[in-house]
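# Structural features, examined
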Amino acid sequence: MDDTVLSLRDARLTLDGNAGPVEILHGITLSVRRGETLGLVGPSGSGKSSLLMVMGGLDRATGGEIRALGQDLSAMNEDRLARFRRDNMGVVFQSFHLIPTMTAIENVA
Ligand SMILES: Nc1ncnc2c1ncn2[C@@H]1O[C@H](COP(=O)(O)OP(=O)(O)OP(=O)(O)O)[C@@H](O)[C@H]1O
Ligand SMILES: [Mg+2]
């Protein structure tokens, strides 16, 4: 049985910087199996957060293929991707970006 939950094939991310395009992810290929725990290690600026954003469907790769539960994230429009994230993804951010003058429920809203 194929228990792959996440797979990347030659995933690339290039962003437009002030001095021209910046290649951030240079072609990442990996797969994650159900129940697997993995750590992403690398120097500051090496692209860990960028990779997680792409893997989590929060940012779009500019090349390659990202599949989650067998579905191609790059083929989904924004609405479909938002529903897919709501139903299948959980992300705990390093910084919560909460607004201190609001209550917990207001922050969630
Ligand atoms: N929106 C952006 N536009 C241009 N360059 C960006 C953008 N976001 C990130 N970068 C660049 O992409 C590279 C990877 O950044 P990223 O934040 O993914 O690294 P990181 O491994 O998570 O670093 P850290 O360990 O400090 O969290 C860095 O060189 C960063 O300056
Ligand atoms: Mg980071």
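Preceding block: the structure.
The following refers to the structure shown. By convention here, each chain's residues receive numbers from 1 onward along its written sequence. Going through the entries in the order they are written, you letter the chains from A and number the ligands from 1. Local features in this predicted model are restricted to residues of pLDDT 70 or higher, and side-chain atom pairs are both shown and tallied only at a pLDDT of 80 or more, whereas totals for entire chains, interfaces and linings draw on every residue. Hydrogen atoms and water are omitted, and side-chain values are computed over all heavy atoms in the structure.

## Digging into the site of ligand 1
Here, proximity means that at least one heavy atom of the residue falls within 4 Å of the molecule or strand. All residues in the neighbourhood of ligand 1 are listed as Leu15, Ile24, Pro43, Ser44, Gly45, Ser46, Gly47, Lys48, Ser49 and Ser50. Whenever two N or O atoms come within 3.5 Å, that pair is a polar contact, provided that in protein one can donate a hydrogen and the other can accept it, and provided that, for residues adjacent in sequence, both atoms are side-chain atoms. Here Ser50 contributes a side-chain N or O atom positioned 2.6 Å from an oxygen atom of ligand 1. For ligand 1, the protein covers 54% of the area, taking 640 Å² as the surface of the free molecule. Secondary structure elements follow DSSP: runs of H or I no shorter than four residues count as helices, runs of E no shorter than two count as strands, and numbering proceeds from the N terminus. Here the shell around ligand 1 takes three residues from helix 1 (residues 48-55), the largest share from any one element. Each accessible area is a Shrake-Rupley result for a 1.4 Å probe, and residues are judged covered by the shown protein chains and nothing else.

## Observations regarding the pairing of strand 1 (residues 4-17)
In the case of a regular strand, side chains alternate between the two sheet surfaces. When DSSP locates at least two bridges between a pair of strands, those strands are taken to pair. Relative to strand 2 (residues 20-33), strand 1 runs antiparallel, the two sharing eleven bridges. Paired with Thr14 across the bridge in strand 2 is Glu23. Where strand 1 folds back on strand 2, the antiparallel hairpin that results is connected by two residues. Pairing of strand 1 with strand 3 (residues 63-68), which is carried by five bridges, proceeds in the antiparallel orientation. Paired with Leu6 across the two strands is Ala68, which belongs to strand 3.

## A few points about unusual backbone geometry
Its identity is not glycine, yet Leu69 carries a phi of approximately 50°, on the positive side. On the secondary structure map, Leu69 appears in the loop between strand 3 and strand 4 (71-72). Judged by its relative accessible area of 41%, Leu69 is partly exposed. With a 1.4 Å probe rolled over the protein chains alone, any residue whose accessible area is under 20% of its type maximum counts as buried; one over 50% counts as exposed, and the rest are partly exposed.

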